[in-house]
Amino acid sequence: MNTLPKTHWSTQNQRLSLNRSMAWIGVLLLALLVAIGLARWSGLDPRSPDAAVQWQRALQFRDLPGGDIAVLDQSTGRQVASFTGEQGFLRSSLRALARERHREKISGDGPFLLIGRTDGRLTLLDPSTHQRIDLESFGPSNAAVFASLRLAGTETTPR
């Protein structure tokens, strides 16, 4: 016979039920972490393979005295574009690649490759460190900043 008031008894059952629920959530999270760890350890690559390269352009980016960024075509040495103002995504992308060059003690003079793929994706690749930024991952407006460099400074117009 239970001598506890009914309200106290139901509170204990609710706490016990909550503790069981939390334990099951913990078990599921642990199982998920183990599964992810095993997948990583086995060498499973979660990325889908890259589509074929449709076009690429070697570009150098230079800081100008006024804080602007000049974009130079590697093959001609000509300035093909410049960016003024904050340009947060462009600057942060270039800074991330430059930081890796600095960490590996590689000169910052080499070009970056802007790669357009047959599936419409854009990649900014640093051939000296093999670091890459998949630009479409940051949304269409951010990718468009780099997409505009495909034909920048050329005499041909896009079709």
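Everything quoted here is computed from the prediction, not taken from an experiment. (Residues numbered from 1 in each chain as written. Predicted model: local features only at pLDDT ≥ 70, side-chain atom pairs only at ≥ 80, totals over all residues. Heavy atoms only, no water.)

What about the overall build of the chain?
Okay, step 1: Across its full length, the chain holds 3 helices and 6 strands.
Okay, step 2: The secondary structure elements of the chain, listed N-terminal to C-terminal, are α-β-β-β-α-β-β-β-α.
Okay, step 3: Counting the 159 residues in the chain, one finds 25% classified as buried.
Okay, step 4: Here the analysis covers contacts within the chain between residues at least 6 apart in sequence; of these, 47% occur between residues at least 24 apart. (Helix = DSSP H or I, 4+ residues; strand = E, 2+ residues; numbered from the N terminus. Buried < 20%, exposed > 50% of the residue type's maximum accessible area, 1.4 Å probe, protein only. Contact = heavy atoms within 4.5 Å.)

Things to note about a nonpolar patch on the surface
Okay, step 1: Taken together, the side chains of M22, I25, L29, L32 and I36 present a nonpolar region at the surface, about 490 Å² in accessible area.
Okay, step 2: In this fold, L29 is placed in helix α1 (residues 6–41). (Patch = residues over 30% accessible without salt bridge, like charges linked within 9 Å, V, L, I, M, F, W, Y side chains within 5 Å. Areas by Shrake-Rupley, 256 points an atom, 1.4 Å probe, with all protein chains shown as cover. Salt bridge = Lys/Arg side-chain N within 4 Å of Asp/Glu carboxyl O.)

Remarks on the pairing of strand β1 (residues 53–63)
Each regular strand shows side chains that alternate between the opposite faces of the sheet.
Okay, step 1: Pairing analysis gives 6 bridges linking β1 to strand β4 (residues 112–117), with the strands arranged antiparallel. In the sheet register, A58 faces β4, and the bridge partner there is L113.
Okay, step 2: Relative to strand β2 (residues 69–73), β1 runs antiparallel, the two sharing 5 bridges. Each residue of the ladder has a partner; that of D63, found in β2, is I69.
Okay, step 3: In this antiparallel pair of consecutive strands, β1 and β2, the connection spans 5 residues, and G67 shows a positive phi of 95°. (Pairing = 2+ DSSP bridges.)

A few points about the pattern of salt bridges
Okay, step 1: For the structure on display, the rule yields 7 salt bridges.
Okay, step 2: Measuring nitrogen to oxygen at the nearest pair gives 3.5 Å for the salt bridge that ties E136 to R121. Residue E136 is located in the loop between β6 (131–134) and α3 (140–147), and its partner R121 is located in the loop between β4 and β5 (122–126); the two are separated by 15 residues in the primary sequence.
Okay, step 3: For E136, a relative accessible area of 26% translates into the label partly exposed.
Okay, step 4: The exposure class of R121 is partly exposed, given its relative accessible area of 39%.

Remarks on the sheet that holds strand β3 (residues 79–83)
Okay, step 1: The strand order across the open sheet built from 6 strands is β3-β2-β1-β4-β5-β6, with neighbouring strands paired in antiparallel fashion. The open sheet has two edge strands, β3 and β6, and neither has a second partner. Sheet twist, expressed as the average angle between the axes of neighbouring strands with direction ignored, equals 30°.
Okay, step 2: Where β5 lies against β6, 4 bridges are found, and the strand directions are antiparallel. Each bridged residue has a counterpart across the sheet, and for L124 the counterpart in β6 is I133.
Okay, step 3: The strands touched by helix α2 (residues 88–103) within the sheet are β1, β2, β3, β4, β5 and β6, with β6 carrying the most contacts at an inclination of about 165°. (Axes fitted to C-alpha atoms, helices over the stretch in contact; angles between N-to-C directions.)

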